[in-house]
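Here are the chains, one letter per residue:
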Amino acid sequence: MALLPGLLWGGTGTTAELARRILNAGLDPEECYRVRELNFAKEDIRIYLTDGYLIFGRPVDGVRMSAVFSADVEGGDAELMIFPPQRSERLALASYTSSPNLNEHFESAIFTFADESYAKLVQQIREHDPLRRSPEMGLVLAQSWNLAVRNFASSFQIRLVYDFLSPNRPQNGFFYGALAGRRLGNFDVLYDPRSDEQITVGQVASHQDRTFFDIWTRFEARSFRNHTREIPPPEAALSDFRMDATLEPDLGLKVITRARLAPGSEGKRPLEFYISRQMRVTEARINGEPVEVFQPESLRANLIRGGSNDAFLVVPSQELQPARSYEIEFRQQGAVVSQAGNGVYYVGARGSWYPSRGMQFARHDLTFRYPKDLGLVATGEIVDDRTEGDWRVTRRRTSSRIRVAGFNLGNYQRESVTRGGYTVEVYANRQVERALEPKVSAVILLPQLSPLTPLSQRRPVDVIRVPVEPLRPNPAARLERLASEISAALEFMSAHFGPPPLKTLTVSPIPGTFGQGFPGLLYLSTITYLNPEERPASVRSESQQTFFSEILSAHETAHQWWGNVVASAGYQDDWIMEALANYSALLFLEKRKGARALESVLTEYKNHLLAKTEEGRRTDSAGPVIWGARLENSRVPGAWRTIIYEKGSWIMHMLRWRTGDERFLAMLGEMRRRYQYRAITTEQFRLLAAQFLPTRSPDPQLEAFFDQWVYGTGIPTLKFNHSVRGKAPSLRISGTVTQSDADEDFSVYVPIEVQFGKGRSVTHWVRTVAGPAPFSLTVRQAPSKILLDPANSVLAVRK
Ligand SMILES: [Zn+2]
């Protein structure tokens, strides 16, 4: 049943009306069936409706987009089976469900879909059991399930409308199921042929008042794995952004965003964009002609997708021609700027205050109008800056293509350093935000009483409280220092990784304990700007001080390259950007403070990875780095940070030891050259790194290395024994490296260093196994020392 949505839908109403009709369709009692042994599959998802009732939704322009199954009959049952194809996904599934394969009986299910599910199911029903229609039961089911069906349709309304209006809907439409599992409780199954990984299974879960979508498994569906199907091409690409933004005195932001739009080859009608939840798109035009904007809230879809931005659709009135280029214009407004008190402001939706569509490297031209007593910084070089009455108007342009443009504002003072052709401009607030103000304290003074005063006359009411005006921390205390350090970091990194995307790097403060690196614009926690002794008590530990004073600014500076020149291809590859940004910061720390400083940070990272969770598991075991945002789940909420940043840094450190210092830096330089303004995958990164291994290295394609550290989890404990026999010039060193506390198949290469009184030391690599791994080598002269990994180049616990 191939429908032509354009013909069916053409002119019958607006997209919002269509959405309303989809939401209000309700279940159709006339399409209720008693089903037995009804089986169907969406690629790797197999569903067996063994015995129960199946009711479909009412059609909207001939398309039915929902169904409910209920096993609420004598002996009623249904079953779902999914076998993830990769070992890592089987492990992920097992960690949530205690089984590497999903085989779950369920009591009921709500299905929401835009594909050919209805046609396929009803055909099967009519062929096998044509008389099992049951309108009486249909009335009962419709009454009890209509509201729930509507809720799920509402959650997916953007997608339902998108699919409805797109060509090839039966093939490319999505399929979603909310199942009430008998053992595992409620869980979700999603098949989306437009996604990189088409199958997702997971569960909404809460932990300490936060809601997560725990992804049990997510993988490429069979026909995509086998290359018999391909992901449909994106429907459009945007370039040449021009923003005209006005920041009102009440901090409301109004923006007109214009861009070049190149339609994709599918010639489909709706275009999907993302924008911050705080921004509302009020109007859109294509080549000057008004087009419809559809921007409802879609909570569950957002939860499954992750991220805090909302999707919206632009529905052109006529089909866009793939070979042509169009001018698209959006008007959007909202409150993305917040106040932190004392005249300190910050931008909440730093990267999503204007519409975007995933990754796009584009030139940006930004004009901001804002109250003239405010300071405003943004991405790009200033091309015009003037005052018009109470307003200041600043126009900036980026000299190269960038991924995202940001801005920040405040009541600033500034320090600027120009070195090696690059300018670093650091802005500091003139006051600290309220959260960083010390509390008004009271000093309690005991009354001065003569020791001769009889005790009976000493009364507690004599205690005097003297309020003491607090010393406010100075938010510009480290302004000059930051400017010179960031400029030194930029110089150090450009020397190894090539020029940054833009010649001016603007640095601005932001409340909180984090930073963010946009092209040409860094946001740094205000704490970074304070003198260490003026920082809040919660960040006074030595390692926190090192983080705010030494690592954060260099980490965000390194994102100029890692994330903004080279991008990650997907969430599985995000770890590369964070690990490289952080390890670049650690290289800069090592250069300034020496190897000890680097070692102490890495030791601390190791301790975090070994720390036990509430359930007594090591933090490292929460999942491999390639899980990316999936690591932020209800079981170990802090694991994402520790694994992506800290284990990620260890992975880079270990790679550096495998390649050697010079080759490691050369590899990073080559990565920039090869992947400039492109995305890199984890496998491409492995192959690149392997090219920089010294000749005759063990594990020459780094397959074992990536299997253990990148695709797997585990930190082994290593014990080292050795003995020396024979006489020079033929001495035999033999011994064992014994591995414990890791999986049976865990195996890494560790170096044994043999040092001599005179001459160069010899490094011998041993591949560990569960239990003792013997080794032996022959040397010419008597060794002075034989050490297992003296440089701490392997993430392991020593015994
Ligand atoms: Zn980062």
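Residues numbered from 1 in each chain as written. Predicted model: local features only at pLDDT ≥ 70, side-chain atom pairs only at ≥ 80, totals over all residues. Heavy atoms only, no water.

Colleague: What am I meant to see in the coordination of the zinc ion here?
Modeller: Ideal coordination angles are 109.5 degrees for a metal with four donors arranged tetrahedrally and 90 or 180 degrees for a metal with six donors arranged octahedrally. Summarising the metal site, the zinc ion is bound by the protein donors His-555 (NE2), His-559 (NE2) and Glu-578 (OE), whose distances to it range over 2.0 to 2.1 Å. All donor residues of the zinc ion come from one chain, and their arrangement in sequence is H-x3-H-x18-E. A residue pair is termed long-range when its members are at least 10 positions apart, and His-555 in helix H12 (residues 542–558) and Glu-578 in helix H13 (residues 574–593) qualify at 23 residues. For the residue pair His-555 and Glu-578, the accessibility class agrees, reading buried in each case. (Donors = N, O, S within 2.8 Å, 3.2 Å for Na, K, Ca; no water. Helix = DSSP H or I, 4+ residues; strand = E, 2+ residues; numbered from the N terminus. Buried < 20%, exposed > 50% of the residue type's maximum accessible area, 1.4 Å probe, protein only.)

Colleague: Just to check I follow, could you spell out the confidence of the model for the chain for this structure?
Modeller: For any part of a model where pLDDT is low, the fine detail of the predicted coordinates should not be relied upon. Here the chain shows a mean pLDDT of 89. Residues at 70 or above account for 92%. Note that residues 1–12 has pLDDT below 50 and, in this model, 23 contacts with residues that lie over four places away or in other chains. Counted against residues more than four places away or in other chains, residues 444–464, with its pLDDT under 50, gives 16 contacts. (pLDDT = per-residue confidence, 0-100. Contact = heavy atoms within 4.5 Å.)

Colleague: Just to check I follow, could you spell out the sheet that holds strand S30 (residues 521–525) for this structure?
Modeller: Sheet strands line up and pair through hydrogen bonds in the backbone, either parallel or antiparallel. Within the open sheet, the five strands sit side by side as S24-S25-S28-S30-S29. Their pairing is mixed. The two strands at the open ends of the sheet, each matched to only one other strand, are strand S24 (412–419) and strand S29 (515–518). Adjacent strand axes in the sheet meet at a mean angle of 15°, parallel and antiparallel pairs treated alike. Pairing geometry for strand S25 (residues 422–429) and strand S28 (residues 504–510), over four bridges, is parallel. The partner of Val-426 across the bridge, within S28, is Val-507. Running over the sheet, H12 touches S28, S29 and S30 and is turned about 155° from S30. (Pairing = 2+ DSSP bridges. Axes fitted to C-alpha atoms, helices over the stretch in contact; angles between N-to-C directions.)

Colleague: Could you clarify how one ought to interpret the sheet that holds strand S34 (residues 730–740) in this entry?
Modeller: Taken in spatial order, the four strands of this open sheet run S37-S34-S33-S39, and their pairing is mixed. Both outer strands of the open sheet, strand S37 (771–779) and strand S39 (797–798), are each paired with one neighbouring strand and no more. Sheet topology note: the strand S33 (residues 717–727)/S39 ladder contains two bridges and is parallel. In the sheet register, Leu-718 faces S39, and the bridge partner there is Arg-798.

Colleague: Explanation requested: the nonpolar core in the structure shown.
Modeller: The nonpolar side chains of a soluble globular protein tend to be buried, and buried together. Ranked by internal contacts, the top residues of the largest apolar core, which has 110 residues, are Trp-562, Trp-575, Met-652, Met-671 and Phe-685. Take this core: its biggest share by element is twelve residues, from H13. Beyond its immediate sequence surroundings of up to four residues, Met-652 is in contact with Trp-575, Ile-576, Ala-579, Leu-580, Tyr-583, Phe-664 and Phe-685. Residues Val-255, Ala-259, Met-279 and Ala-378 belong to the second largest nonpolar core, which totals 52 residues. (Core = buried A, V, L, I, M, F, W, Y, C linked by side-chain atoms within 4.5 Å.)

Colleague: Teacher, can you tell me more about helix H4 (residues 117–128) here?
Modeller: Along an α-helix, residues three or four positions apart point the same way, because every turn accommodates 3.6 residues. Compared with the 16 Å implied by 1.5 Å per residue over twelve residues, the 17 Å span of H4 between its first and last C-alpha is a close match. Along H4, the positions that sit buried rather than exposed are Ser-117, Tyr-118, Leu-121, Val-122 and Ile-125. The buried residues of H4 all sit within an arc of 105° when viewed along its axis, so they share a single face. Exposed residues lying more than 90 degrees from the buried face of H4 are Lys-120 and Glu-127. (Expected span 1.5 Å × (residues − 1). Arc of directions from axis to C-beta.)

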